[in-house]
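Residue-level structural notes
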Amino acid sequence: MSRKKGNPYKKQAARKAKERAKKLLEEKKKELALEKKQENAVKGPMPSNPVKAESSSWPDTEADYPASDELVKTAFLEDEHWTLEQELDLQRQKADAAAKAREEALAKKKAKQTESSKPEEPTTSADDLAKQKAEAAAKAKAAALAKKKAKEAEAAEPAESEPSPDDLAKQKAEAAAKAKAAALAKKKAKEAEAAEPAESVPSADDLAKQKAEAAAKAKAAALARKKAKEAVSDELSDEDLAKKKAVAAAKAKAAALAKQKRESGGDATADEKAKAVAAAKAKAAAAAKAKALGKGKEKEMEEAAAPERPSPNEPFLNRYTKIVSEKVGKQAVEEAYINRLSKDVPTLVIEIDSYIDVLLALKQEEGFTFLSELHGTDFGTHMEVFVQLSCFAEKKDVSLKVKLDREAPAMPSAASIFQGAEWPECEVYDLLGIRFDGHPNLHRIFLGEDWVGFPLRKDYEAYDEEV
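Here is what the cut-offs are and how they apply
Residues numbered from 1 in each chain as written. Predicted model: local features only at pLDDT ≥ 70, side-chain atom pairs only at ≥ 80, totals over all residues. Heavy atoms only, no water. Helix = DSSP H or I, 4+ residues; strand = E, 2+ residues; numbered from the N terminus. Contact = heavy atoms within 4.5 Å. Areas by Shrake-Rupley, 256 points an atom, 1.4 Å probe, with all protein chains shown as cover. Salt bridge = Lys/Arg side-chain N within 4 Å of Asp/Glu carboxyl O. Buried < 20%, exposed > 50% of the residue type's maximum accessible area, 1.4 Å probe, protein only. Expected span 1.5 Å × (residues − 1). Arc of directions from axis to C-beta.

Here we take up the overall build of the protein. A tally of regular secondary structure across the protein gives 11 helices and seven strands. Sequence-distant contacts, at least 24 apart, represent 53% of the contacts inside the protein between residues at least 6 apart. By element, 56% of the accessible surface of the protein is carried by carbon and sulfur atoms, the whole surface being about 34,400 Å².

Take a look at the structure:
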């Protein structure tokens with residue numbers, strides 16, 4: 001059995017199968033030989049030649065195998081069948097590959113043919129172009145014919161409009177009707193205009209009403225003017241009327257003097273008349289001025305007599321006074337009032353010996369934790385130190401005043417309670433000479449320790465005029 005060269009793996013597998021089959025065959029032969037030896041030992045010598053059987057080669061066909069050697073036969077058949085299937089598969093694969101190769105070759109051939117046939121397409125498109133040209137020419141001819149027919153139709157329209165005289169007659173009739181309607185409208189308008197005077201006849205009542213209303217308005221206006229004049233005359237009666245009266249009296253006196261002189265035989269000169277008039281005017285002006293001054297004084301008296309408005313900080317003043325009286329003593333507050341010239345700030349005039357206690361009470365009880373101002377004043381008779389405390393949380397202030405002896409002005413320092421008092425106390429000491437007992441570093445800060453005198457005192461004498 002001839003075998004074609006194929007896949008090396010398949011051939012190797014076939015060879016291994018053959019070797020396995022040979023081994024099985026040899027083992028089987030050995031087993032058979034042993035069985036025959038045993039049978040011969042029992043039955044006698046073997047008629048067959050085992051050497052020939054052992055030396056026999058691989059049978060070529062199925063018929064060459066003995067019937068008893070089924071295993072070897074099946075192995076051979078399986079191997080043969082396997083090799084046949086492999087051969088068939090290989091042949092099929094080759095056939096498929098060949099078919100694919102043919103198909104690819106055919107496809108390539110067709111592609112080449114199509115590519116080679118492309119240049120031939122313009123020849124075919126030339127036919128199409130010729131057809132398109134023919135179609136375009138046919139369309140142009142059809143359009144020309146349509147235009148020609150349209151022109152003919154337009155030319156034929158006058159002939160067709162011959163029956164339009166009826167329409168023209170209708171149009172003329174419509175135009176005549178419109179003209180008649182317009183003429184009637186104008187006629188009616190003219191009649192309406194002519195009828196308007198007749199319609200205004202009944203409006204005479206309205207005119208009478210309007211006249212009556214106008215007369216009433218004129219009367220009201222006259223009354224208003226009269227009242228205004230009376231009001232003006234009332235307003236002027238205090239000053240101007242007095243002047244007028246004085247002028248009239250002076251004129252009357254002058255006229256009387258002139259009359260008296262004429263009766264006595266002399267003529268009153270114009271200077272005398274002018275002097276009399278001027279004197280009368282001066283008297284009238286003096287009288288008006290006196291009245292005006294009297295009115296001003298009356299106003300001042302009225303304003304002074306008017307009740308003073310209550311201050312919104314009055315409750316705070318009462319509360320601070322009560323706290324100081326309870327915590328320090330009633331003698332601590334010499335005077336308490338609302339300073340209306342300084343935003344209605346509650347002000348307490350404090351006894352000098354209670355000054356520190358009052359500061360502590362207001363700080364602890366009312367939350368005045370900031371000394372916002374401290375300055376001094378020389379009133380000539382005494383010195384005064386002004387202190388203002390503030391509470392930012394409640395946005396409220398209180399002022400304290402301490403009166404000091406002018407000859408030896410001294411008071412306790414507030415620096416131990418409000419640290420911000422250190423600098424303004426130095427200023428007051430520098431400019432007024434007021435001493436603050438207990439100050440940590442009281443010294444002159446502007447002028448120097450060698451400076452003589454205190455410039456803000458009323459009796460200060462400048463030793464150096466150039467300074």
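For the rest of this paragraph, the subject is the pattern of salt bridges. Applying the stated criterion to the full structure yields nine salt bridges. Notably, a salt bridge pairs D378 with R406, separated by 2.8 Å at the nearest N-O pair. Here R406 lies in the loop between β5 (396-404) and β6 (410-412) and D378 lies in strand β3 (residues 370-378), a separation of 28 residues in the sequence. Across the pair, exposure class does not vary: D378 and R406 are buried alike. With its nearest N and O atoms 2.7 Å apart, the salt bridge here joins R444 to D430.

We note that K343 has phi near 60°; this positive angle belongs to a residue other than glycine. Following the sequence through the fold, K343 ends up in the loop between β1 (333-339) and β2 (345-350). Of note, K395 is a non-glycine position whose phi angle comes to about 55°, a positive value. Along the chain, the position of K395 falls in the loop between β4 (383-391) and β5.

Over its 12 residues, helix α10 (residues 355-366) runs 16 Å from end to end, which matches the ideal 16 Å to within 8%, given 1.5 Å per residue. All of the buried residues along α10 are Y355, V358, L359, A361, L362 and E366. The buried residues of α10 occupy an angular sector of 165° when the element is viewed end-on, so they sit on one face. In the segment just after α10, G367 is the residue with positive phi, at about 80°.

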